[in-house]
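# Inside the fold
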Amino acid sequence: MRALFVGLCTLDVITRVGHVPAPNEKLTASAQLIAAGGPAANAAATFAHLGGEAVLLTAFGGHSLAAAIDEDLAALGVAVLNLTADSPQPPAVSTILVTESTGDRAVASMNGTAPGTVPPSPPGDLQALVASADLVLVDAHHPTLALPAARHARAEGIPTLLDAGSWRPGTAPLLPYTDLAVCSADFRPPGTATSSDVLAFLRGAGVRWPVITRGPLPVLWAGGEVPVPAPTTVADTLGAGDIFHGALAHALLTHVRTRLTPTLLTMILRSAAETASRSCASFGTRAWMRT
């Protein structure tokens, strides 16, 4: 199974603390990790860990900090196509504080929107990249890449999975080319107020299978709810949504041979929820892969 992941890649500095510090407070962390992050990158890492062939199309510059991203993803078996590798621009660095007692995370990041950042241009072989994949996942952080990739996927009859964490300016054009859209509870298109509104909006925009994840609460879709198993302990919720998307992509290609049905959707949502829940039992976005 081969999937193309198109979107954001950051450098995550993940720190575990007893509490989020107050203004002017200094405290000593109990643990710290550095890893590649971002929705598309974490989804690709998950897909590769589960046994798929993951290709990440992204842009994070050629600054010396980019080496940490390359090393992390190479160790996980993710093939990285960094379109701005010749640029001195540093990657977006996400500063993340994880509260030890609850697993809650606080995140600050530019997400590729730093002043002076030039949107990446699609590679000349994008159509061939898409055609060689069995599935395309886009996260809307790089619209100049996501939209042409989604268009090529639709033209080739390749399923497209949208990681719609929150409403972005580049989200709307992607919807007519999206087969399966998975949104967070924070996803609120204009004029929507409830989960039912969001599902109806997405169906009206052309999404074939809209889904909403809500952390530990059941996953919603038009056909009902899918329970999320609770981890024995919650050590870190960072990246759980990204891991859900990567696991969903893997389950989709594993179990859906011809077309997606309500029964199959329920099954693959349950599988993805189990993987995402398991990831919350350990600190960071990679430790769950070793347990």
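Below, the structure is looked at part by part. (Residues numbered from 1 in each chain as written. Predicted model: local features only at pLDDT ≥ 70, side-chain atom pairs only at ≥ 80, totals over all residues. Heavy atoms only, no water.)

### With respect to the overall build of the protein
Rule in force here: What counts as a helix is a DSSP run of H or I of at least four residues, what counts as a strand is a run of E of at least two, and both are numbered from the N terminus. This radius of gyration counts C-alpha atoms alone. The globule rule is 2.2 Å times how many residues there are, raised to the power 0.38. For each residue, the accessible area found with a 1.4 Å probe, counting protein chains only, is set against the maximum for its type, and the residue is called buried under 20%, exposed over 50%, and partly exposed in between. Contact between two residues is taken to exist if any of their heavy atoms lie within 4.5 Å; hydrogens are not considered. Only the protein chains shown count as cover for residues, and the accessible areas themselves come from Shrake-Rupley with a 1.4 Å probe. The charge count treats Lys and Arg as positive and Asp and Glu as negative. His and the chain ends do not count. For this purpose, a charge sits on NZ of Lys, CZ of Arg, CG of Asp or CD of Glu.
What the protein contains, in helices and strands, is seven helices and 13 strands. Its C-alpha radius of gyration of 18 Å places the protein within 12% of the 19 Å reference for a compact globule of 291 residues. Across the 291 residues that make up the protein, the buried fraction comes to 48%. In the protein, the proportion of contacts linking residues at least 24 apart, taken out of those at least 6 apart, comes to 68%. Element-wise, carbon and sulfur atoms account for 55% of the exposed surface of the protein, whose accessible area totals about 12,600 Å². Across the protein, the centroid of the 17 positively charged side chains sits 7 Å from that of the 21 negatively charged ones.

### Examining the side chain of Thr171
Relative to the assigned elements, Thr171 resides in the loop between strand 9 (160-164) and strand 10 (180-183). Once you skip the residues sitting within four places of it in the chain, Thr171 turns out to touch Ala140, Leu162, Ser166 and Phe187.

### Quick look at the packing of helix 6 (residues 240-255) against helix 7 (residues 262-279)
As a reminder of what qualifies: Here an axis means a line fitted to C-alpha atoms, over the contact stretch when the element is a helix, while the angle between two N-to-C directions is reported on a 0 to 180 degree scale. Roughly parallel means an angle under 35 degrees; roughly antiparallel, over 145; roughly perpendicular, 65 to 115; everything else is oblique. Left-handed describes a crossing whose near helix is turned anticlockwise from the far helix by less than a right angle; the clockwise case is right-handed. Polar here means any residue outside two lists: the nonpolar Ala, Val, Leu, Ile, Met, Phe, Trp, Tyr, Cys and Pro, and the charged Asp, Glu, Lys and Arg; Gly therefore counts as polar.
Running from N to C, helix 6 and helix 7 point in directions that differ by 140°, and their axes come no closer than 8 Å. Comparing the axis directions of helix 6 and helix 7 gives the class oblique. For helix 6 against helix 7, the interelement crossing comes out right-handed. Along its contact with helix 6, which presents Ala240, Ile243, Phe244, Ala247, Leu248, Ala251, Leu252 and His255, the element helix 7 presents Leu264, Met267, Ile268, Leu269, Ser271, Ala272, Ala273, Thr275, Ala276 and Ser279. Across the contact of helix 6 with helix 7, the residue classes tally to 14 nonpolar, four polar and no charged.

### As for helix 7
Spelled out, the test is: One fewer than the residue count of a helix, multiplied by 1.5 Å, yields its expected span.
Compared with an ideal rise of 1.5 Å per residue, which puts 18 residues at 26 Å, helix 7 spans 26 Å between its outermost C-alpha atoms and is within 8% of the ideal. Of all the positions in helix 7, only Leu264, Leu265, Ile268, Leu269, Ala272, Ala273, Thr275, Ala276, Ser277 and Ser279 are classed as buried. Its buried side turned inward, helix 7 meets strand 10, strand 11 (209-214), strand 12 (217-221), strand 13 (224-226) and helix 6.

### Describing the nonpolar core
The line we're drawing: What makes a nonpolar core is a set of buried Ala, Val, Leu, Ile, Met, Phe, Trp, Tyr and Cys residues whose side-chain atoms join them at distances within 4.5 Å.
Counting 44 residues, the largest nonpolar core has Phe5, Phe244, Leu248 and Leu269 as its most contacted members. Discounting chain neighbours no more than four positions away, the residues touching Phe5 are Ala40, Ala43, Ala44, Phe47, Ala54, Val55, Leu56, Leu57 and Leu137. Core analysis: the next-biggest nonpolar cluster, separate from the first, contains 31 residues, Leu57, Ala133, Leu174 and Leu199 among them.

### Re the pairing of strand 1 (residues 2-6)
As a reminder of what qualifies: Should DSSP find at least two bridges between two strands, the strands are regarded as paired.
Counting buried positions along strand 1 yields four of five residues, so the element is predominantly enclosed. Bridging between strand 1 and strand 4 (residues 53-58) involves five bridges; their strand directions are parallel. Along strand 4, the bridge assignment pairs Phe5 with Leu56. Pairing between strand 1 and strand 8 (residues 135-138): four bridges, direction parallel. Bridge pairing links Leu4 to Val136 in strand 8.

### Digging into the pattern of salt bridges
In a structure, side chains of opposite charge can pair up when their charged atoms sit close to one another. Rule in force here: Each salt bridge in this description consists of a side-chain nitrogen of Lys or Arg and a carboxyl oxygen of Asp or Glu lying within 4 Å of one another.
Enumeration according to the criterion identifies five salt bridges in this entry. Taking the shortest distance from any N to any O, the salt bridge between Glu53 and Arg2 comes out at 2.5 Å. Here Glu53 is found in strand 4, whereas its partner Arg2 is found in strand 1, with 51 residues between them in sequence. As a salt-bridge pair, Arg16 and Glu100 come within 4.0 Å of each other at their nearest N and O atoms.

### Observations concerning the sheet that holds strand 3 (residues 31-37)
A sheet is described by the order of its strands in space; here four strands give the open sequence 3-2-6-7, paired in mixed fashion. The sheet terminates laterally at strand 3 and strand 7 (105-108), the two strands that pair on one side only. With strand direction ignored, the average angle separating the axes of adjacent strands in the sheet is 20°. Relative to strand 7, strand 6 (residues 93-99) runs antiparallel, the two sharing four bridges. Bridge assignment links Leu97 to a residue of strand 7, and that residue is Ala106. Contacts from helix 2 (residues 66-75) reach strand 2 (10-17) and strand 3, with the element oriented near 85° to strand 3.

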